[in-house]
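The lines below spell out each chain.
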Amino acid sequence: MIKLENVSFSFKSEPILQHLNLNVNDGEFIGIVGPNGAGKTTLIKLILGILKPTEGKIIKTDKSISYVSQTTGISDTSMPSTVQEIVSLGLTKNKPAIFNHKKNNEALQGILKETGILELRNRLITELSGGQLQKVKIAKALISSPSLIVLDEPDAGMDEKSHSNLIKTINSLNKERKITIIFISHHMDDLINANHIYLVDNKSVTELKGGENYVSI
Amino acid sequence: MFQYKFMIIAFIVGALLGVIIPLVGSTAVYKRLSNTGDALAHTSLSGVAIGLVAGLNPLITSLIMCLISILIIEFIRKKFSKYAEMGVAVVLSAGIGVAGILTSYTNVSNFDSYLFGSILLIDDTELYLVIGLFVCVVLFYVLFDKQILATIYNEEEAKVQGIKVNLINFTQSILLALTIALSAKTIGSLIVSSLIVLPVATALQLKQSYKITMFSSLIISLVSTLTGITCSYYLDIKPGATIIIVSVIQLLIFLCIKPIITYAQKRKSLA
């Protein structure tokens, strides 16, 4: 469960988000939409604890959270890393990994099979297509068996088929595995199964109800 | 060659630095901040100049200047993440400026030994410092290799997982600064930054995993360091400069055989 109570965030005295109140219950699928630069990513960074609110408080009961950030970072295009090296990073905490190597290896093989990228395990991530890279990111997020996954426009730059597969995967994670999903998207169609859809605009967050639509800008 | 104690020490120090320089440098290369090594090398020179002018131990002043510089670079990188390279450029320019002005007041021959290094004139204190640094760097990179890779790959995702990203970055920066400051006297300030980039650049031609690339860069660096020292002994030329020329030749060889490696990898994947 996540609860935002009167949360505000300012950057260099410039208010970005003001007086937000939001509840996310366990197992819910939450969609977040809004124009570019409205503060969607700031909102999820506040939820994730990457940013600290300048006012208000955020209560989180989820112990295991995974974050899938936007694609095409420097690392995705230049890091000499294999698929299995990147996916296994999802299990990394602060302890040296050599102490639970065998257990981690079993989890790795399991998640590679489940996400359909077992045959790609030794490929370099720099050689993957957008859709394959997205599967790697999802596998990395899932390997730690999280109770909440936050996805920030993970479909950016993907072709139609890969995009459609990604949406199916996200829906099944929520329905079958009961994982709470917070999903930033520019497409209302992607959020058909969402329990709540929030529009971030004009420094505030409002829920879109009863089939209200939002046209991406 | 090994009848001389100074050659044995040169080989030991060369081998130890040959292993740790690409280790600490690889992170900067992957983050596309390769010039960090250059900036630190130049500020280490300003530290040496301060030491020589003030009559202090140049190694100590060089270490202090490198540590201050890396903190400034990290501060600018955090505050202006979109302009991370700006911090490197600022520190590099300031380093050259301070070193340039202060050299007017120092003994030039003393200062020159730090430009190209004097690996054959290492005293016991420097040897012990290099051994101590080697142990710290190797332990850190072996024990925390996953955390380091996670931080290079995506800092925000790593933070959400609970990895202490700031601590990992800070430790890496400190180890990089210490390595460059210690290498200034032995390998040379103008040369150490090349040794950060060249072995990693050569290993990247193999197109292998993070672990294999890292291990290959250590082997490549070790070969170039030891070959460079050996050649410098027999040809009576500067060791630091020779090490770099060997590294460049290695890179050129790898670039030439790259098509063969790529062809072999394709055949293997088709089979």
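It should be emphasised that the depicted structure is a prediction, and the values quoted were computed from it without experimental measurement. (Residues numbered from 1 in each chain as written. Chains lettered and ligands numbered in written order. Predicted model: local features only at pLDDT ≥ 70, side-chain atom pairs only at ≥ 80, totals over all residues.)

K.L.:
Any chance you could break down the overall build of chain A for me, citing the residues and the numbers?
P.N.:
When helices and strands are tallied, chain A shows six helices and nine strands. Taken over 217 residues, chain A has a buried fraction of 40%. Summarising the internal contacts of chain A: among those between residues at least 6 apart in sequence, 73% fall at separations of at least 24. (Helix = DSSP H or I, 4+ residues; strand = E, 2+ residues; numbered from the N terminus. Buried ≥ 20, exposed ≤ 12 C-beta atoms within 10 Å, placed from the backbone. Contact = placed C-beta atoms within 7 Å.)

K.L.:
Just give me the short version of the interface of chain B and chain A, but keep the residues and values in it.
P.N.:
Counting residues at the interface gives 25 residues for chain B and 22 residues for chain A. Listing elements by their share of the side of chain B that touches chain A, those giving two or more residues are helix 7 (145-153), helix 8 (155-160) and helix 10 (210-235) of chain B. Element by element, the count of residues in the side of chain B that touches chain A is highest for helix 7 of chain B, at six residues. Among the residues forming the side of chain B that touches chain A, the class breakdown is eleven nonpolar, seven polar and seven charged. (Nonpolar A, V, L, I, M, F, W, Y, C, P; charged D, E, K, R; others polar.)

K.L.:
Break down the pairing of strand 9 (residues 204-208) of chain A for me, citing the residues and quoting the values.
P.N.:
Residue and element names in this part refer to chain A. When strand 8 (residues 196-201) meets strand 9, the two strands line up antiparallel, connected through five bridges. Along strand 9, the bridge assignment pairs Tyr198 with Glu207. Between strand 8 and strand 9, which pair antiparallel in sequence order, lie two residues; one of them, Asn202, sits at a positive phi of approximately 50°. (Pairing = 2+ DSSP bridges.)

K.L.:
Requested: an account of the pairing of strand 6 (residues 148-152) of chain A, with residues and values cited.
P.N.:
Residues and elements named next belong to chain A. Burial analysis of strand 6 places five of its five residues in the buried class, which makes it a mostly covered element. Of the two faces of strand 6, the one carrying Leu148, Val150 and Asp152 and the one carrying Ile149 and Leu151 are both buried. For strand 5 (residues 65-68) and strand 6, the ladder comprises four bridges, and the chain directions are parallel. Bridge pairing links Tyr67 to Val150 in strand 6. Pairing of strand 6 with strand 7 (residues 180-184), which is carried by five bridges, proceeds in the parallel orientation. Among the inter-strand pairings, Asp152 is bridged to a residue of strand 7, identified as Ile184.

K.L.:
Can you tell me about the sheet that holds strand 2 (residues 14-24) of chain A, naming the residues and giving the values?
P.N.:
Residues and elements named next belong to chain A. Taking strand neighbours across the sheet as the criterion, the three strands line up as 2-1-4 in an open arrangement whose pairing is antiparallel. Where the open sheet ends on each side, the last strands, each with one partner, are strand 2 and strand 4 (55-60). Adjacent strand axes in the sheet meet at a mean angle of 25° when their direction is disregarded. Pairing of strand 1 (residues 2-11) with strand 4, which is carried by five bridges, proceeds in the antiparallel orientation. Counted as the bridge partner of Leu4 is Ile58 from strand 4. (Axes fitted to C-alpha atoms, helices over the stretch in contact; angles between N-to-C directions.)

K.L.:
How would you explain the confidence of the model for chain A if you had to name every residue and give the values?
P.N.:
Counting all residues, the mean pLDDT for chain A is 84, and 89% of those residues have values of 70 or more. Mean pLDDT in chain A bottoms out at helix 2 (residues 74-78) of chain A, which sits at 67, and peaks at strand 7 of chain A, which reaches 93. (pLDDT = per-residue confidence, 0-100.)

K.L.:
Tell me about the sheet that holds strand 3 (residues 29-33) of chain A, residues and numbers included.
P.N.:
All names here are of chain A. Taken in spatial order, the six strands line up as 5-6-7-3-8-9 in an open sheet, and their pairing is mixed. Taken across any chain shown, the strands that pair with only one partner, and hence form the sheet edges, are strand 5 and strand 9. Across the sheet, the mean angle separating the axes of adjacent strands is 20° when strand polarity is ignored. Of the strands in this sheet, strand 3, strand 5, strand 6, strand 7, strand 8 and strand 9 touch helix 1 (residues 40-48), which is tilted by about 155° from strand 6.

K.L.:
Would you mind going over the packing of helix 6 (residues 124-143) of chain B against helix 9 (residues 165-204) of chain B in detail, with residue names and values included?
P.N.:
Residue and element names in this part refer to chain B. With their axes 11 Å apart at the nearest point, helix 6 and helix 9 run at an angle of 150° to one another. It follows from the interaxial angle that helix 6 and helix 9 lie roughly antiparallel. In this structure, the crossing between helix 6 and helix 9 has a hand that is left-handed. Two secondary-structure elements touch here, helix 6 through Glu126, Leu129, Val130, Leu133, Cys136, Val137 and Phe140 and helix 9 through Thr171, Leu175, Leu178, Thr179, Leu182, Lys185 and Thr186. (Parallel < 35°, antiparallel > 145°, perpendicular 65-115°, else oblique. Left-handed = near helix turned anticlockwise from the far one by under 90°.)

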